[in-house]
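Spelled out, the chains give:
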Amino acid sequence: IDEVRQHRCADPNLTWGFVPTMGYLHAGHLSLVQLSLAGNEKTAVSIYVNPTQFAPTEDLSAYPRNLAGDLAMLEAAGVDLVFTPGDAIMYPPGFQTTVSLSQVTQPLEGSSRPTHFAGVATVVAKLFNIVQPTRAYFGQKDAQQTIVLRQMVRDLNFNLEMVIGPTGREPDGLALSSRNALLSAENRAAAPVVYRALSAAKAAYDAGERSGEALRQIMREVITAVPQARIDYVSAADPRTLQELDVVAEGVLLSTAVFFGKTRLIDNILIEATEGKEQKENKEKNLGSSGFRGV
Ligand code: PAF
């Protein structure tokens, strides 16, 4: 931690991008690293499989790891600093603080993994305090994580900008995830159903469907047609509050968690609110023809 701080403070005027990871890096992580390298003078990455975001029932020891491979990739990418702490550094004896959020952590992932986000928020708060980045980079694949961490940054006044990178996908649509390595060949072949289900719901939305339940039912039907897949949840929720929607009025987060054997995959498609005609007209009036708002 002291070494990281020395690097960070060597020239306080430099901008630092930070990509927190749990390692076993793939092209999705590397695209966040590229965003950080392009947007900052220095880039730091952390590799730490954080035990507090795994429940006792979840197999922490099965989480894939490849530190040597990860470091080679990050070196080749031109990253300036990699922080690879162990448990004794992150949670020394006597550790007793938890960062927990009350609302956005409850639904979706929170309902299946009730202790997960307290673990994520606590470790990310610690990492932010250690690295003190100008910008921090997270993937849209973990949609609820991005919402939880944005809220934490607002609530605890972290002085940094959150940047969310798009979900990387295999050619068959499967979202890139370190957990994909845990799938058997049969389950790997079945897993693209997750994105097919989300895409079917999005196609229905694009064709005018606005019933939240109808969108959820489309996802259920597509997923249950594949015998290897077991649904944990399907959701059509408000992208800000994550509450399930009866009627989609201003954007929707379509998301799902599906088990293939013991491996649980998550994915989502975010449909952002489109501005109504009236809102657009008002905005144009306020901005004037140059699009420049006077102060
Ligand atoms: O998204 C992840 O890999 C982890 O949840 C994170 C943000 C690195 C915290 O352990």
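Further up the page is the structure itself.
Residues numbered from 1 in each chain as written. Predicted model: local features only at pLDDT ≥ 70, side-chain atom pairs only at ≥ 80, totals over all residues. Heavy atoms only, no water.

1. Here's the deal with the nonpolar core
- Judged by nonpolar contacts, the single largest core of 39 residues is most densely connected at Met90, Val124, Phe128 and Met152.
- Looking at this core, the elements that each hand over two or more residues are strand E1 (16-21), strand E3 (81-83), helix H6 (116-131), strand E4 (135-139), helix H7 (143-155) and strand E7 (252-260).
- The dominant element in this core, judged by the number of residues it contributes, is H6, at ten residues.
- Setting aside anything within four residues of it in sequence, one finds Met90 in contact with Tyr48, Phe83, Pro85, Phe95, Val123, Lys126, Leu127 and Ile130.
- If you look at the next biggest cluster of nonpolar residues, it comprises 27 residues, including Val194, Ala204, Tyr205 and Val234. (Core = buried A, V, L, I, M, F, W, Y, C linked by side-chain atoms within 4.5 Å. Buried < 20%, exposed > 50% of the residue type's maximum accessible area, 1.4 Å probe, protein only. Helix = DSSP H or I, 4+ residues; strand = E, 2+ residues; numbered from the N terminus. Contact = heavy atoms within 4.5 Å.)

2. Describing the packing of H6 against H7
- Their axes nearest at 10 Å, the elements H6 and H7 cross at an angle of 55 degrees. As judged from the angle between their axes, H6 and H7 are oblique. The interaxial crossing formed by H6 with H7 has right-handed handedness. Of the residues in H7, those in contact with Phe117, Val120, Ala121, Val124, Ala125 and Phe128 of H6 are Gln144, Gln145, Val148, Leu149, Met152 and Val153.
- By residue class, the composition of the contact of H6 with H7 is ten nonpolar, two polar and no charged. (Axes fitted to C-alpha atoms, helices over the stretch in contact; angles between N-to-C directions. Parallel < 35°, antiparallel > 145°, perpendicular 65-115°, else oblique. Left-handed = near helix turned anticlockwise from the far one by under 90°. Nonpolar A, V, L, I, M, F, W, Y, C, P; charged D, E, K, R; others polar.)

3. Section: the pairing of strand E8 (residues 263-271)
- Burial of E8 is extensive: eight of the nine residues sit out of reach of the surface.
- Pairing of E7 with E8, which is carried by nine bridges, proceeds in the antiparallel orientation. Bridged to Leu254 within E8 is Ile269.
- Counted along the chain from E7 to the antiparallel partner E8, the turn is two residues long, and its residue Gly261 has a positive phi close to 60 degrees. (Pairing = 2+ DSSP bridges.)

4. Side note on the side chain of Asn40
- Here Asn40 lies in the loop between helix H2 (27-39) and strand E2 (42-47).
- Polar side-chain contacts of Asn40 include one of 2.6 Å to the side chain of Arg135.
- Engagement of the side chain of Asn40 in a polar contact is seen with the side chain of Tyr137, the distance being 2.8 Å.
- Those residues in contact with Asn40 that sit more than four places away from it in its chain are Thr15, Trp16, Gly17, Thr134, Arg135 and Tyr137. (Polar contact = N/O pair within 3.5 Å; in protein donor to acceptor, adjacent residues only side chain to side chain.)

5. Topic: the packing of helix H1 (residues 2-10) against H6
- Running from amino to carboxyl end, H1 crosses H6 at an angle of 50 degrees, the nearest separation of the two axes being 8 Å. Taken as axis vectors, H1 and H6 run oblique relative to one another. Across from Val4, Arg5 and Arg8 in H1, the residues of H6 making contact are Asn129, Ile130 and Val131.

6. Let's talk about the site of the ligand
- Surveying the vicinity of the ligand reveals the residues Pro20, Thr21, Met22, Asn50, Gln53, Val123, Val124, Phe138, Asp142 and Gln145.
- Between an oxygen atom of the ligand and a side-chain N or O atom of Gln53, the distance comes to 2.6 Å.
- For the ligand, the accessible surface in isolation is 290 Å², of which the surrounding protein chains cover 90%.
- If you list the elements that add at least two residues to the shell around the ligand, you get E1 and H6. (Near = heavy atom within 4 Å. Areas by Shrake-Rupley, 256 points an atom, 1.4 Å probe, with all protein chains shown as cover.)

7. Examining H2
- Taking 1.5 Å as the rise per residue, H2 with 13 residues should run 18 Å; its terminal C-alpha atoms sit 18 Å apart, in good agreement.
- Buried residues of H2: Gly28, His29, Leu32, Val33 and Ser36, and no others. In a view along the axis of H2, the buried residues occupy a sector of 145 degrees, so they form one face of it. (Expected span 1.5 Å × (residues − 1). Arc of directions from axis to C-beta.)

8. A closer look at the side chain of Ser178
- Structurally, Ser178 can be placed in the loop between strand E5 (161-165) and helix H8 (185-190).
- Within the local environment of Ser178, its side chain forms a polar contact with the backbone oxygen of Gly23, the two atoms lying 3.4 Å apart.

9. Let's talk about the pattern of salt bridges
- The full count for this structure, using the stated rule, is 13 salt bridges.
- The salt bridge involving Glu58 is made with Arg113; its shortest N-O contact spans 2.8 Å. Remark: Arg113 occurs in the loop between helix H5 (109-112) and H6 and Glu58 occurs in the loop between E2 and helix H3 (67-77); sequence separation between them is 55 residues.
- Owing to a relative accessible area of 22%, Glu58 belongs among the partly exposed residues under this scheme.
- According to the relative accessible area criterion, Arg113 is buried, its value standing at 9%.
- In the salt-bridge network here, residues are joined through shared partners; they are Glu213, Arg216, Arg220 and Glu244. (Salt bridge = Lys/Arg side-chain N within 4 Å of Asp/Glu carboxyl O.)

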